[in-house]
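# Structural overview for review
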Amino acid sequence: MGGQTLAKGARSRFVTRPPPRASPSARDHHLFAAAARVLRLEASSSSSTTYLWNKLLGLFSRGGLPALAHRLFDAMPERDTVSYNTHIARLSRLGSAAEGARAYSRMLREDGVRVRPDGTTLSALLALPCAGASHGLVRQVHSHVVRLGLSSNAFVGTALVRAYEQCGDTGATTAVFEEVAEPDAVCWNVMIDACTRHGSLPRAVEMLSRMRRSGGVADGFTLASILKACCSREEDISLGLQLHTWACKIGVDSETAICNALITMYLKCGGETNSAVQVFQRTSEPNIITWTSMISGFVQNGLALGAVSFYKEVVKTGERENDYCFTSVLSAFGALASLEHGKMVHCRVMKSGFCSDTIVGNSLLDMYFKCGSSSDASFVFHTMQVHDVVSWTAMIVGFGRHGEARKAVMCFREMVHDGFRPDSVTFLAVLSACSQGDLVDEGLAVFRSMVEDHHVKPQRKHCACLVDLLGHAGRLKEAETLIRAMGLEMDSLAWESLLGACGLHGEVELGKRSAGKVMELEPWNYVPYVLLSNMYAEQCQWREKEVLRERLDGSNVRKGAGNSWFSVSEAS
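Every value quoted in this text rests on a predicted model; they were computed, and no experiment measured them. (Residues numbered from 1 in each chain as written. Predicted model: local features only at pLDDT ≥ 70, side-chain atom pairs only at ≥ 80, totals over all residues. Heavy atoms only, no water.)

## Quick word on the overall build of the chain
Rule in force here: Numbering of helices and strands starts at the N terminus; helices are DSSP runs of H or I of at least 4 residues and strands are runs of E of at least 2. The cut-offs for exposure are 20% and 50% of the maximum accessible area for each residue type, with area from a 1.4 Å probe on protein chains only; residues under the lower value are buried, those over the upper are exposed, and the others partly exposed. The criterion used for residue contact is that any of the two residues' heavy atoms lie within 4.5 Å. Only the protein chains shown count as cover for residues, and the accessible areas themselves come from Shrake-Rupley with a 1.4 Å probe.
Within the chain one finds 32 helices and zero strands. Within the chain, the fraction of its 572 residues that count as buried is 45%. Across the chain, the fraction of contacts at a sequence separation of at least 24, relative to all contacts at a separation of at least 6, is 61%. For the chain, the accessible area works out to roughly 30000 Å², and carbon and sulfur atoms hold 53% of it.

## Thoughts on helix α25 (residues 424–436)
Helical geometry: 3.6 residues make up each α-helical turn, so side chains three or four residues apart lie on a common side. Heads up, the rule is: One less than the number of residues in a helix, times 1.5 Å, gives the span that helix is expected to have.
In this model, α25 (13 residues) spans 18 Å end to end at C-alpha, consistent with the 18 Å of a helix rising 1.5 Å per residue. Every buried residue of α25 is listed here: Thr426, Phe427, Ala429, Val430, Leu431, Ala433, Cys434 and Ser435. Asp438, located one to two residues past α25, shows a positive phi value of around 55°.

## A closer look at the side chain of Asn189
As for its position among the elements, Asn189 is in helix α11 (residues 185–197). With relative accessibility at 6%, the residue Asn189 sits in the buried group. With residues up to four places along the chain from it excluded, the contact list for Asn189 reads Met211, Asp219, Phe221 and Thr222.

## A closer look at the packing of aromatic side chains
Rules: In summary, the pairing rule links any two rings of Phe, Tyr or Trp, Trp by its six-membered ring, whose centres are within 6.5 Å, and it sorts them by plane angle into stacked for under 30 degrees, edge-to-face for over 60 and tilted for everything else. Distance and angle both matter: a charge sits over a ring if NZ of Lys or CZ of Arg is within 6 Å of the ring centre and within 35 degrees of the ring normal.
A complete count under the given rule lists eleven aromatic pairs for this structure. In textbook terms, an aromatic cluster arises when at least three aromatic residues are bridged by ring pairs, as seen for Phe280, Trp291, Phe298 and Phe310. For the cation-ring pair, Arg79 lies above Phe73, with the distance from its terminal atom to the ring centre recorded as 5.2 Å.

## So, unusual backbone geometry
Phi is positive for His455, close to 55°, though the residue is something other than glycine. Within the secondary structure, His455 sits in the loop between α26 (440–452) and α27 (460–472). If you check the backbone angles, Cys540 has positive phi at about 60° while not being a glycine. Tracing the backbone shows Cys540 in the loop between α31 (527–538) and α32 (542–554).

## Regarding the packing of helix α13 (residues 220–228) against helix α14 (residues 237–250)
Operational definition: Lines fitted to the C-alpha atoms define the axes, with helices restricted to the stretch that makes contact. Angles between their N-to-C directions range from 0 to 180 degrees. For classification, angles of less than 35 degrees are called roughly parallel, those exceeding 145 degrees roughly antiparallel, those between 65 and 115 degrees roughly perpendicular, and all remaining angles oblique. In this scheme the handedness of a crossing depends on how the near helix is turned from the far one: anticlockwise by less than a right angle means left-handed, clockwise means right-handed. In the scheme used here, Gly and all other residues not listed as nonpolar or charged are polar, with Ala, Val, Leu, Ile, Met, Phe, Trp, Tyr, Cys and Pro taken as nonpolar and Asp, Glu, Lys and Arg as charged.
Put simply, α13 and α14 touch, their axes get as near as 10 Å, and they point 165° apart. Considered as vectors, α13 and α14 are oriented roughly antiparallel to each other. Judged by the sense of rotation from one axis to the other, the crossing of α13 with α14 is left-handed. Residues Leu223, Ile226 and Leu227 of α13 touch α14, and the partners they reach there are Leu239, Gly240, Leu243, Trp246, Ala247 and Ile250. Within the contact of α13 with α14, the residues separate by chemical class into eight nonpolar, one polar and no charged.

## A closer look at the environment of His244
Our working definition: Identification of polar contacts relies on pairs of N or O atoms within 3.5 Å, with a donor-acceptor requirement for protein atoms, meaning one able to donate a hydrogen and the other able to accept it, and with residues adjacent in sequence counted only if both atoms are side-chain atoms.
Along the chain, the position of His244 falls in helix α14. Discounting chain neighbours no more than four positions away, the residues touching His244 are Leu262, Tyr266 and Val279. At 2.7 Å, the side chain of His244 and the side chain of Tyr266 are in polar contact.

## A word on the pattern of salt bridges
Test applied: Definition used for salt bridges: Asp or Glu carboxyl oxygen within 4 Å of a side-chain nitrogen of Lys or Arg.
Per the stated rule, a full pass over the model turns up 18 salt bridges. Residue Arg210 is joined to Glu178 by a salt bridge in which the shortest nitrogen-to-oxygen separation is 2.9 Å. With Arg210 in helix α12 (residues 201–213) and Glu178 in helix α10 (residues 170–179), this pair connects stretches of sequence that are 32 residues apart. Overall, Glu178 belongs to the partly exposed group, its relative accessible area being 39%.

## A closer look at the environment of His387
Among the structural elements, His387 can be located in the loop between α22 (374–383) and α23 (389–401). For His387, a relative accessible area of 22% translates into the label partly exposed. Linking His387 and Ile359, residues 28 residues apart in sequence, is a C-alpha distance of 9.3 Å. Residues in contact with His387, not counting those within four places in the same chain, are Phe381, Trp392 and Phe420. Of the polar contacts made by the side chain of His387, one reaches the backbone oxygen of Phe381; its length is 2.7 Å.

Remember, this is a structural readout, not a statement about activity or role.
Quick look at the structure:
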């Protein structure tokens, strides 16, 4: 499918402007007028005035006047459960965790039967920002739930399930859910979502089956939660297809959340690009998540041109990009080595205010290096406000690929000096750079530092890099000794690295032994045949080359077709 036709399903739509908002002063005037009316009613009413105060408190809380709402709550002559519920819910929305906890403590100290925590109170407490990070607070609220006899309440149970899931306590999440007498649709959905968030797809499917058996009705949120988990393995595509059929049956297959999950599933589970495009075209209201799912999915499947065509439609429709969209399209232009278009996206990043985003900055580094502009990558790195390990690693990888090994080593030393802890990927990048630049002593020092100072266990790729490093420097015997000393006799990558080094230095005998090891460990690999054949040709050993060629023809090993590319300016 051509890149220009992939985004054909993107529909142009009219942009409707929302009605103008009232100015803050006009809004405040209306609120104060309403407040005055409530107070007048209070003065003339013979019934309880707490109801009217609560109405006014709710008005100020929803009207965006937190200071006035707080003062009003303190000035109330009498408070009841509704007063405290409104107050705690407002503090929860504002993210005032400490104040919310203090308000609940104050509520418990109030005298009288009119002030008693209920399900709404405890649910508002569990929604406080600190609840998701404080396992102790959730357990305390849970104890109050049990004391008040609300364990079987679906509303409270849902809040507890969500809170325990945010704390990562899967056992408590399940236990709380099982105590709910009659879970409603929201409770089932939260539990199913909790299972998928923790990677338990079978458990989520089991919950879905129980929901159906108990008479519950699955909706778009239910199916979308499970579909999001059908993206880790290709075997999950079968379950995804069943859920897609179910979505069509209940008429939610065009809902945006469902379509977003289906697009991700089809593109991650086997690269079903045609199915993903069909789902995209059926989406009733595509949002930036929909577009980004298409772009990132096409990039991951090696279809950078298709990803670019979708990004063009994003720009045409006026959809505002987010950080994930930028990182995906930058990966596409990096894969195409299209520096001009990458710079255009960089301009849009700056205009959109994502210059300070570290993830977007890392994507810019990767794109500029892949497009061959190490100077632009260096400029982006030095203008980034915050660096992380990925930023430093991207610089080391980029310098290594551009043959600037000494810059890569210097960058590594700066990284360690600035207090960053390099990981295994960082060490692989700097070892590879040292190998490319024949910096043997620096590479050996980095390898020792990795093991002794940073306690990173060497993996097979690190060892292969070290073999390649010694081999490039002509220290072939040392490289062979290293392979045997580190127990890598059964590692084809290490022997292949040594074989390549033997070709550089014309060491035929060691090259033959290395090639034999690779052929023994990976009979399907054509690389040892090619490298050994080239070595024979350089040494004018034509008879050996002919015998090797006959051996290759007799086997079922086939060399993949090579390809090359070059940049062509667009005609338009």
